[in-house]
Amino acid sequence: MATPPHNPLRDWRVDPAAIRYVGHDLQRPECILATRDGTLWSADARGGVMRIAPDGAQTLIALTPDPHFDPVGDAAGSLLAGTLPNGLAFARNGDILIANFGTDRLEVMTRTGETRVLADSIDGRPIGKVNFVLRDSRDRLWVTVSTRGNPWSDAINATLADGYIFLLDELGPRIVADGFRFTNEIRLDAGEEWLYVAETTGKCVTRLRVQPDGSLTDRELYGPSSLGDGVVDGIAFDAFGNLWATMIFADRLVAITPEGDVIELMNDGDPAATARFEAEFATGAPVGFDTLMACGGPVCPWLASITFGGPDLSTVYLGGLRANHIPAFRSPVPGLPMVHWAD
């Protein structure tokens, strides 16, 4: 029997001294897209995306920039309301698909800022808190809705499970799975056979088998039932098969190995604030906004997403809800290419 290959993450951790920072004066860079030429595209709370060129030059793409974001002077108003571009994906023609967590809509924006709504209701009902959008190789759009409630912070509790996933294709939008605990980022494996779901307040990842017609079956837990302190937000596969995950509020970066083990790669949270969060979360009631605001570390406050980029897909970029720049470091294993890498 052949010896399984050594997992590069088993004996590796993020070296704080090796972290560099990309961008400046960013507003809520929750999700980041990377392209082959080294350009980064970051969600921006002014109502669009920030394009960061390889030489560092920044261009805000938003038809009418929204000035509402002021996390110091008005944290609740900034983080809970107004336009909040969240998950991003590229359409095949290069347009930017935006899951807008503030306007509760799936939007599409051209590279010059013209924006239109792709979906804001299903079966006559408002969609809810649209969190993330993922395009597959057939140009179908998989979209997560974290909760039907508002504000979203009320859904940061261990008991609510009103999140769902809808599919948008030539048949229009339709719900294909529901009953999730704050549905967050989703990813497909290399063969697009399984859809992996970050269940934020479940502290876990689940997966569902993708059928040819877009239906989802065989839902099951992937990895342990709890990934530890914090709640899971962003996920991304590397080429070895590890599923990296960000644990927001504890500001931890972990990875689920193909065998289902969890490796902690970085812990940048404030221990006292994390303990307070965990104690409130364990009660089953919504965690207080003041408790949430106390959480976070200096590297990437409210660590929310992970993206692989660079010419060899071995540079890791981190997105944070309260960050104003993007931490970056080298990974010992490249990321799994997203569908737009081949466009």
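Let me sum up the structure you'll find in this document. For clarity, every value in this text was computed on a predicted model and none was experimentally measured.

**Topic: the overall build of the protein**
Tallying secondary structure elements over the protein gives 3 helices and 26 strands in all. Computed over its C-alpha atoms, the radius of gyration of the protein comes to 18 Å, within 12% of the 20 Å expected for a compact globule of 343 residues. When the backbone C-alpha atoms are referred to their principal axes, the protein occupies close to 55 × 45 × 45 Å. In the protein, which comprises 343 residues, the share counted as buried stands at 57%. Put simply, of all contacts in the protein between residues at least 6 apart along the chain, 49% involve residues at least 24 apart. As presented, the protein carries roughly 13,200 Å² of accessible surface, and 52% of it is formed by carbon and sulfur atoms. Counting 28 positive and 45 negative side-chain charges, the protein places the averaged centre of each group 3 Å from the other.

**Here's the deal with helix 2 (residues 271-281)**
The set of residues buried in helix 2 consists of Ala-273, Thr-274, Phe-277, Glu-278 and Phe-281. End-on view of helix 2: buried residues confined to an arc of 135°, all on one side of the axis. Exposed positions of helix 2 whose direction lies more than 90 degrees from the buried face are Pro-271 and Ala-272. You can read the cap of helix 2 off the contacts: a side-chain oxygen lies 3.2 Å from the backbone nitrogen of Ala-272, and it is on Asp-270.

**What about the pattern of salt bridges?**
In this structure the tally under the stated criterion is 20 salt bridges. With its nearest N and O atoms 3.0 Å apart, the salt bridge here joins Arg-10 to Asp-261. On the criterion of sequence distance, the pair formed by Arg-10 in the segment before strand 1 (20-22) and Asp-261 in the loop between strand 22 (252-256) and strand 23 (262-267) is long-range, its members being 251 residues apart. We classify Asp-261 as partly exposed; its relative accessible area is 35%. Between Arg-187 and Glu-185 there is a salt bridge, with the nearest N and O atoms lying 3.3 Å from each other. Among the ionic contacts, a cluster of salt bridges with common partners joins Arg-92, Arg-135, Asp-139 and Asp-343.

**Some details on the environment of Asp-229**
Within the secondary structure layout, Asp-229 lies in the loop between strand 19 (216-222) and strand 20 (231-237). If we ignore the near neighbours within four places in the chain, the residues touching Asp-229 are Lys-203, Met-247, Ala-250, Arg-252, Thr-274 and Glu-278.

**Observations regarding the sheet that holds strand 17 (residues 194-199)**
Strand order in the open sheet formed by 4 strands is 16-17-18-19, with antiparallel pairing between adjacent strands. Edge strands, defined here as strands with exactly one partner in the open sheet, are strand 16 (183-188) and strand 19. Looking at each pair of strands side by side, their axes are set apart by 25° on average, direction ignored. Looking at chain direction, strand 17 and strand 18 (residues 204-210) are connected through 6 bridges and run antiparallel. Counterpart to Glu-199 in the pairing with strand 18 is Cys-204.

**A closer look at the environment of Arg-28**
Note that Arg-28 resides in the loop between strand 1 and strand 2 (32-34). On the basis of relative accessibility, which here comes to 3%, the residue Arg-28 falls in the buried class. At 2.8 Å, the side chain of Arg-28 forms a polar contact with the side chain of Asn-86.

**Some details on the sheet that holds strand 21 (residues 243-248)**
The sheet built from 4 strands is open, its strands ordered 20-21-22-23 with antiparallel pairing. Whereas interior strands pair on both sides, the edge strands pair on one side only; in this sheet they are strand 20 and strand 23. Strand after strand, the sheet turns through a mean of 25° between neighbouring axes, direction not considered. With 5 bridges joining them, strand 22 and strand 23 adopt antiparallel strand pairing. Each residue of the ladder has a partner; that of Ala-255, found in strand 23, is Ile-263.

About the thresholds
Residues numbered from 1 in each chain as written. Predicted model: local features only at pLDDT ≥ 70, side-chain atom pairs only at ≥ 80, totals over all residues. Heavy atoms only, no water. Helix = DSSP H or I, 4+ residues; strand = E, 2+ residues; numbered from the N terminus. Rg over C-alpha atoms; globule rule 2.2 N^0.38 Å. Buried < 20%, exposed > 50% of the residue type's maximum accessible area, 1.4 Å probe, protein only. Contact = heavy atoms within 4.5 Å. Areas by Shrake-Rupley, 256 points an atom, 1.4 Å probe, with all protein chains shown as cover. Lys, Arg positive; Asp, Glu negative; His and termini not counted. Charge placed at Lys NZ, Arg CZ, Asp CG, Glu CD. Arc of directions from axis to C-beta. Polar contact = N/O pair within 3.5 Å; in protein donor to acceptor, adjacent residues only side chain to side chain. Salt bridge = Lys/Arg side-chain N within 4 Å of Asp/Glu carboxyl O. Pairing = 2+ DSSP bridges. Axes fitted to C-alpha atoms, helices over the stretch in contact; angles between N-to-C directions.

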